[in-house]
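Observations on the model geometry
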Amino acid sequence: MQVSIETTSGLERRMTIGVPAEQVENEVAARLQKAARGLRLDGFRAGKVPFKVVKQRFGAGVRQEVIGEVVSKSFQEAVNQEKLRPAGQPSIESLTDKPGEDLEFVAAFEVYPEIELQDFATLSVVRPVAEVSDADVEKMIDVLRNQNAQWVAVDRAAQKDDQVKIDYIGRKGGEEFAGGKASGSLLVLGSGQMIPGFEDALIGMKAGESRTVSLSFPEDYHSEELKGAAVEFDLSVQEVQEKKLPELDDEFFAKFGIKEGGHEKFLAEVRNNMERELRNAIKNKVKTRLMNQLRDRHTVEVPASLVKEEIRALRRQMLSQFGGGQNFDESLLPDELFSGDAERRVALGLIVARIIETAEIKTDAAQVRQQIEEIASTYEEPEEVVRYYYGNQQLLVGVQSSVLEDQVVEHILQNASLTEEPCSYEEAVQPDKDNSPSEESAD
């Protein structure tokens, strides 16, 4: 096999590979002979079809199959021989195949960049330090009660935080405008869902009452037709409802899997969940902040093929998250929408991979087990969940990748500067404001 390599630009390589003719011819002949042994054709006994006829009928198809396999195998042998690391699949630019002559093809591909790791001692990370207080637990219980509250009709005037069922008609210049009409619409007063003044106008109204109010759309409203427009709304209240919070009783506790132990057990469970959330939030903040610095401190030329793959993954992720299971035209989400995040994610992934390679970090099976058990502890049958994770390769690989990233962070922090910053529980669990999707993963 003859190999020649040309660097076309940056990470791009163009490799010409020549494969001896006999290698192809011998494989084609061997496959045709094997096929002929059990072949049945009209006019011939089984296995007695002349080789010339077999070659005439099936030679072209078999040859095409062999060529595909030879190209794939010889390309892999060539990159191993030349000690290259292709990023993504090669593009076969040309292929010359003539019976009796050497097979020659040209493969274009990109290689992984060489990354020189910076001194980790130059990295400085702040770790939040927080505890779950009794007040935090009580506040969380209030949140849970509000999430499970019921709306009950009341015979009084509407006030802030009530929910009202209303009909309304909006007019601009005396004419109804698109999207300005609804019947039986539910609205929580004070939620800020409607334009300024709309919800305030409903406060003090009772079921069965109507009124007309003059309002203006904000100057930055999304509809060009309605930006800053003066309008009138006819408002009618069908029903006023107030929020009724559930009692802290066994029925309420059962919704959270607490079948015995009452209020004390419920408090303990809420605190345990909050402490778990706090630990994970702090760990993820440290990881994110460290990964941001890693990316910023390294100059990495990223292979375009890997960026394209990441763009496709981000697009699928967005469609899955917001598509509601419906089929959408992917062209409505252009590459440019994801390219910045994709490039950053790929670059960070390459840096992390280089650290893993250099430090010879191997996935810690004990940490994997610990993480799976922590996930399983939130379910009623933890042992079943653990078995399920170990029996599902996709889930297991996901946990292993997460643990490997944690090990990379631990390795870097052995040399980086780490300072602690006391803060509240709420501050600790909130993500950093400058987070971007690209900074949350180094897959």
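The rules behind these values
- Each chain carries its own residue numbering, running from 1 in the written order of its sequence.
- For this predicted model, a pLDDT threshold of at least 70 governs which residues receive local features, and a threshold of 80 or more governs which side-chain atom pairs are given and counted, while totals over whole chains, interfaces and linings are taken from all residues.
- Excluding hydrogens and water, the side-chain values take into account all heavy atoms of the structure.
- DSSP-based pairing: two strands are paired if at least 2 bridges between them are found.
- A helix here means a DSSP run of H or I that spans at least four residues, while a strand means a run of E at least two residues long, and both kinds are numbered starting from the N terminus.
- For helices, the fitted line uses only the C-alpha atoms of the stretch in contact; every axis is such a line through C-alpha atoms, and the angle between N-to-C directions lies from 0 to 180 degrees.
- Any two residues having at least one pair of non-hydrogen atoms within 4.5 Å are treated as being in contact.
- Ring pairs are drawn from Phe, Tyr and Trp, using the six-membered ring of Trp, whenever the two centres fall within 6.5 Å, and their geometry is named by plane angle: stacked under 30 degrees, edge-to-face over 60, tilted for the rest.
- A 1.4 Å probe rolled over the protein chains alone gives each residue an accessible area, and that area as a share of the maximum for its type sets the label: buried under 20%, exposed over 50%, partly exposed in between.
- Distance and chemistry together define a polar contact, namely a pair of N or O atoms within 3.5 Å, with one atom able to donate a hydrogen and the other to accept it when in protein, and with adjacent residues in sequence counting only for side-chain atoms on both sides.
- Any carboxyl oxygen of Asp or Glu that lies within 4 Å of a side-chain nitrogen of Lys or Arg is treated as forming a salt bridge with it.

A few points about the sheet that holds strand β3 (residues 86–96)
- A sheet is described by the order of its strands in space; here 4 strands give the open sequence β1-β2-β4-β3, paired in antiparallel fashion. Edge positions in the sheet fall to β1 (2–9) and β3, since each has one partner strand and no second. Averaged over all pairs of adjacent strands, the angle between their axes in this sheet comes to 20 degrees, without regard to strand direction.
- In the sheet, β1 pairs with strand β2 (residues 12–19) via 7 bridges, with the strands oriented antiparallel. From the neighbouring strand, Q2 faces β2, where its bridge partner is G18.
- Packed on one face of the sheet, helix α2 (residues 51–81) meets β1, β2, β3 and β4 (103–111) and runs near 55 degrees to β4.

Quick look at the packing of aromatic side chains
- Using the criterion set out here, one finds 12 aromatic pairs in the structure.
- Aromatic pair Y168 and F198: ring centres 5.3 Å apart, planes at 80 degrees, arrangement edge-to-face. Residue Y168 is located in strand β7 (residues 163–172), and its partner F198 is located in helix α4 (residues 198–202); the two are separated by 30 residues in the primary sequence.
- A residue is classified by how much of its surface remains accessible, and F198, at 0% relative accessible area, is buried.
- With centroids separated by 5.2 Å and ring planes inclined at 65 degrees, the aromatic side chains of F252 and F256 adopt a geometry described as edge-to-face.

Quick word on the side chain of T288
- Within the fold, T288 resides in helix α6 (residues 262–297).
- Given the relative accessible area of 10%, T288 is considered buried.
- Within the structure, the side chain of T288 is placed 2.8 Å from the backbone oxygen of N284, a separation counted as a polar contact.

A short note on the side chain of H298
- Among the structural elements, H298 can be located in the loop between α6 and α7 (304–322).
- Here Q118 takes part through its backbone nitrogen, which lies 3.0 Å from a polar atom of the side chain of H298.
- In this structure, H298 is in contact with I115, E116, L117, Q118 and I351, ignoring residues within four places of it in sequence.

Quick notes on the pattern of salt bridges
- Following the criterion strictly, the structure yields 28 salt bridges and no others.
- Ionic pairing is found between D134 and R271, a salt bridge with its closest N-O pair at 2.5 Å. Taken together, the residues span a long stretch of sequence, with D134 in helix α3 (residues 134–147) and R271 in helix α6 at a distance of 137 residues.
- According to the relative accessible area criterion, D134 is exposed, its value standing at 55%.
- For E380, the salt bridge identified is with K259, shortest N-O distance 3.9 Å. On the criterion of sequence distance, the pair formed by E380 in the loop between α9 (365–376) and α10 (382–391) and K259 in the loop between α5 (250–254) and α6 is long-range, its members being 121 residues apart. There is no split in this pair, since E380 and K259 are both exposed.
- Through salt bridges that share partners, E27, R31, E65 and E69 make up one connected network.

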